[in-house]
Amino acid sequence: QVQLVESGGGLVQPGGSLRLSCVASGFTFSMYTMSWYRQAPGKARELVGTITSTGGVTNYADSVKGRFTISRDNAKFTVYLQMNSLKPEDTAVYYCYFNTRRTWGQGTQVTVSS
């Protein structure tokens, strides 16, 4: 059974940083591309970025490029989202996504506010 469990969300001031984690189970994690999405209140879910199986290639939405970094540790079955220089418009529920099986995590809330 594929399972994704996110953690690391919270309340942070503008300009601050957070690191989200997503622990995967139920599949051979090291073989697959993983993604992060987010959904702000009243908006559609949007892609934040992706990382290939070995971590060699990452892609980001223009809105987060240069501020967010996706990485992974295949030995720990974990994908990370490092978020720096956070803005109020980054406030959203952030989701981990396993593309191949179309499986979502439960999401973790990130709120950027002073």
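Residues numbered from 1 in each chain as written. Predicted model: local features only at pLDDT ≥ 70, side-chain atom pairs only at ≥ 80, totals over all residues. Heavy atoms only, no water.

With that out of the way, let us pick up the overall build of the chain. Counting its secondary structure elements, the chain contains 0 helices and 11 strands. Element order for the chain, N to C, with α for helix and β for strand: β-β-β-β-β-β-β-β-β-β-β. Relative to the globule expectation of 13 Å for 114 residues, the C-alpha radius of gyration of the chain, 13 Å, shows essentially globular dimensions. The dimensions of the chain, computed from C-alpha atoms along their principal axes, are 40 × 25 × 20 Å. Per-residue burial for the chain yields a buried fraction of 43% across its 114 residues. Of the roughly 5,900 Å² of accessible surface on the chain, 48% is carried by carbon and sulfur atoms. Taken together, the 11 basic and 6 acidic charged side chains of the chain have centroids lying 5 Å from each other. (Helix = DSSP H or I, 4+ residues; strand = E, 2+ residues; numbered from the N terminus. Rg over C-alpha atoms; globule rule 2.2 N^0.38 Å. Buried < 20%, exposed > 50% of the residue type's maximum accessible area, 1.4 Å probe, protein only. Areas by Shrake-Rupley, 256 points an atom, 1.4 Å probe, with all protein chains shown as cover. Lys, Arg positive; Asp, Glu negative; His and termini not counted. Charge placed at Lys NZ, Arg CZ, Asp CG, Glu CD.)

Looking now at the state of the cysteines. A complete count under the given rule lists 1 disulfide for this structure. Paired through a disulfide, Cys22 and Cys96 show a sulfur-sulfur distance of 2.2 Å. Looking along the S-S bond of the Cys22-Cys96 disulfide, the torsion reads about -80°, which is the left-handed sense. Of this pair, Cys22 sits in strand S3 (residues 18-25) while Cys96 sits in strand S9 (residues 92-98); the two residues are 74 residues apart in sequence, bridging distant segments of the chain. An identical accessibility class is assigned to Cys22 and Cys96; each is buried. (Disulfide = S-S within 2.5 Å.)

On to the pattern of salt bridges, then. Taken as a whole and judged by the stated rule, the model has 4 salt bridges. The partner of Arg38 in a salt bridge is Asp90, with the nearest N and O atoms 2.9 Å apart. Within this pair, whereas Arg38 is found in strand S4 (residues 34-39), its partner Asp90 is found in the loop between strand S8 (78-83) and S9, the two being separated by 52 residues in sequence. By relative accessible area, which is 0% here, Asp90 ends up buried. Within the structure, one salt-bridge network assembled from shared partners comprises Arg38, Glu46, Arg67 and Asp90. (Salt bridge = Lys/Arg side-chain N within 4 Å of Asp/Glu carboxyl O.)

One key point about sheets: their strands pair by backbone hydrogen bonds, in either a parallel or an antiparallel sense. Ordered in space as S1-S3-S8-S7, the 4 strands form an open sheet in which the pairing is antiparallel. Both outer strands of the open sheet, strand S1 (3-7) and strand S7 (68-73), are each paired with one neighbouring strand and no more. The sheet shows a mean angle of 15° between the axes of neighbouring strands, taken without regard to direction. Alignment of S1 against S3, held across 5 bridges, turns out to be antiparallel. Bridge pairing links Leu4 to Ala24 in S3. (Pairing = 2+ DSSP bridges. Axes fitted to C-alpha atoms, helices over the stretch in contact; angles between N-to-C directions.)

With that settled, the discussion passes to a nonpolar patch on the surface. A surface patch of nonpolar side chains, about 250 Å² in accessible area, is lined by Val5, Val23 and Phe77. A residue is classified by how much of its surface remains accessible, and Val23, at 43% relative accessible area, is partly exposed. (Patch = residues over 30% accessible without salt bridge, like charges linked within 9 Å, V, L, I, M, F, W, Y side chains within 5 Å.)

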